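Take a look at the letters that make up each chain.
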Amino acid sequence: MAVSIKSAREIALMRESCRILSEVHERLGEEIRPGISTWDINAFGEKLIRSYGCVPNFLNYNGYPAAICVSVNDEVVHGIPKKERILREGDIVSLDAGLIYKGYHSDAARTHPVGKISREAAKLIEVTKRSFFAGIRYARAGCHLFDISNAIDAYASRFGYGVVRDLVGHGIGTHLHEDPQIPNFRQWRRGIRLQAGMTLAIEPMINMGTWKVSWLDDDWTVVTRDGRCSAHYENTVLITSGEPEILTLPRT
Ligand code: MF3
Ligand code: CO
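In short, a report on the structure. (Residues numbered from 1 in each chain as written. Chains lettered and ligands numbered in written order. Predicted model: local features only at pLDDT ≥ 70, side-chain atom pairs only at ≥ 80, totals over all residues. Heavy atoms only, no water.)

Side note on the packing of helix H1 (residues 8-31) against helix H2 (residues 38-51)
Think of two packed helices as two axes; the pair is described by the angle between the axes and how far apart they sit.
Move 1: Contact pair H1 / H2: the axes reach a minimum separation of 10 Å and the direction vectors enclose 150°. By the angle class used here, H1 and H2 are roughly antiparallel. The interaxial crossing formed by H1 with H2 has right-handed handedness. Residues Val 24, Arg 27, Leu 28 and Glu 31 of H1 lie in contact with H2, whose contacting residues are Ile 41, Phe 44, Gly 45, Leu 48 and Ile 49. (Axes fitted to C-alpha atoms, helices over the stretch in contact; angles between N-to-C directions. Helix = DSSP H or I, 4+ residues; strand = E, 2+ residues; numbered from the N terminus. Parallel < 35°, antiparallel > 145°, perpendicular 65-115°, else oblique. Left-handed = near helix turned anticlockwise from the far one by under 90°. Contact = heavy atoms within 4.5 Å.)

Structure representation (structure tokens):
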């Protein structure tokens with residue numbers, strides 16, 4: 001499938017879809033505290049998405065059973081919300097959420113501390129976020145796709161962290177997952193040339209230890225093989241001829 005270039009009309013719809021999602025994430029972040037279940041986080045998020053007249057795009061996607069992916073500690077991504085999974089002080093929790101507004105998808109993830117967390121965990125969250133910003137320095141027309149991948153990997157690797165290889169970012173628009181695939185780890189080719197009007201979900205998943213992951217028996221939850229923590233940070237980004245527009249962050 002060719003990489004789609006969004007028209008001005010489509011970009012306006014993507015902006016609105018992503019603006020709503022950034023509000024959803026702000027409100028979800030305020031719910032995070034010791035004692036809340038991952039199920040309650042999902043229920044709150046799904047209701048919120050629907051309150052904007054939008055549809056959660058993850059729900060039933062390839063059979064995924066919830067609106068929000070809630071991944072705790074060694075869970076990398078795609079954690080399934082459960083009533084009996086209660087957040088505890090010191091945990092870190094990644095929330096991955098997306099929605100459809102007038103046919104246009106948005107996708108973003110944040111990792112939050114639960115109460116007071118260790119210095120090591122706080123650093124992992126911060127470096128993961130910073131690796132995204134290191135990557136998007138190359139998210140502009142004229143750069144090549146894998147410039148982004150290489151910058152993310154170079155940044156996170158400096159800290160001795162493992163950059164997940166089994167899952168990648170992606171184009172996004174009228175579908176949640178469009179071409180191109182966007183690895184977060186070092187590539188030896190340059191990848192496609194970026195063009196204004198591409199919309200990309202860039203999403204580093206960074207592990208404190210090994211980059212290697214496994215799947216739990218639920219066939220969804222991705223966990224680190226060494227049991228150490230993982231963090232996830234994702235935004236939907238618009239490529240322009242200048243600075244990229246980070247569509248899923250609140251406008252300042
Ligand atoms: N951000 C994730 C992704 O791009 C969200 C999809 S999770 C799923 O793959 F549940 F929808 F599969
Ligand atoms: Co995504």
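From this point, things continue past the structure.
Quick notes on the coordination of the cobalt ion (ligand 2)
Under perfect tetrahedral coordination by four donors, a metal shows angles of 109.5 degrees; under perfect octahedral coordination by six donors, it shows angles of 90 or 180 degrees.
Move 1: Distances from the cobalt ion (ligand 2) to its protein donors, Asp 107 (OD), His 170 (NE2), Glu 203 (OE) and Glu 234 (OE), fall within 2.0 to 2.2 Å.
Move 2: Around the cobalt ion (ligand 2) sit six donor atoms; with metal-centred angles ranging over 67 to 170°, the donor geometry is irregular.
Move 3: For the cobalt ion (ligand 2), all donor residues lie on one chain, and their spacing in sequence is D-x62-H-x32-E-x30-E. One end of the pair, Glu 203, is in the loop between strand E9 (199-202) and strand E10 (205-207); the other, Glu 234, is in the loop between strand E13 (230-232) and strand E14 (235-238), and 31 residues separate them in sequence. (Donors = N, O, S within 2.8 Å, 3.2 Å for Na, K, Ca; no water. Tetrahedral: all angles 85-135°; square planar, octahedral: opposite > 155°, others 65-115°.)

Quick look at the environment of Gly 35
Move 1: Its location among the elements puts Gly 35 in the loop between H1 and H2.
Move 2: Spatially, the C-alpha atoms of Gly 35 and Leu 145 are 41 Å apart, while their sequence positions differ by 110 residues.
Move 3: Contacts of Gly 35, omitting those with residues within four sequence positions, involve Ile 86 and Leu 87.

Remarks on the sheet that holds strand E11 (residues 213-215)
Move 1: Pairing is antiparallel in the open sheet, where three strands are placed in the order E3-E12-E11. Only two strands of the sheet have a single neighbouring strand rather than two, namely strand E3 (75-77) and E11. Within the sheet, the average angular offset between the axes of one strand and its neighbour, ignoring direction, is 40°. (Pairing = 2+ DSSP bridges.)

Side note on the pattern of salt bridges
Move 1: Per the stated rule, a full pass over the model turns up ten salt bridges.
Move 2: Linking Arg 33 and Glu 31 is a salt bridge whose minimum nitrogen-to-oxygen distance equals 3.9 Å.
Move 3: The salt bridge involving Glu 46 is made with Arg 50; its shortest N-O contact spans 2.9 Å. Taken together, the residues span about one helical turn, with Glu 46 and Arg 50 both in helix H2 at a distance of four residues.
Move 4: Several salt bridges converge on common partners, so that one network encompasses Arg 15, Glu 245 and Arg 251. (Salt bridge = Lys/Arg side-chain N within 4 Å of Asp/Glu carboxyl O.)

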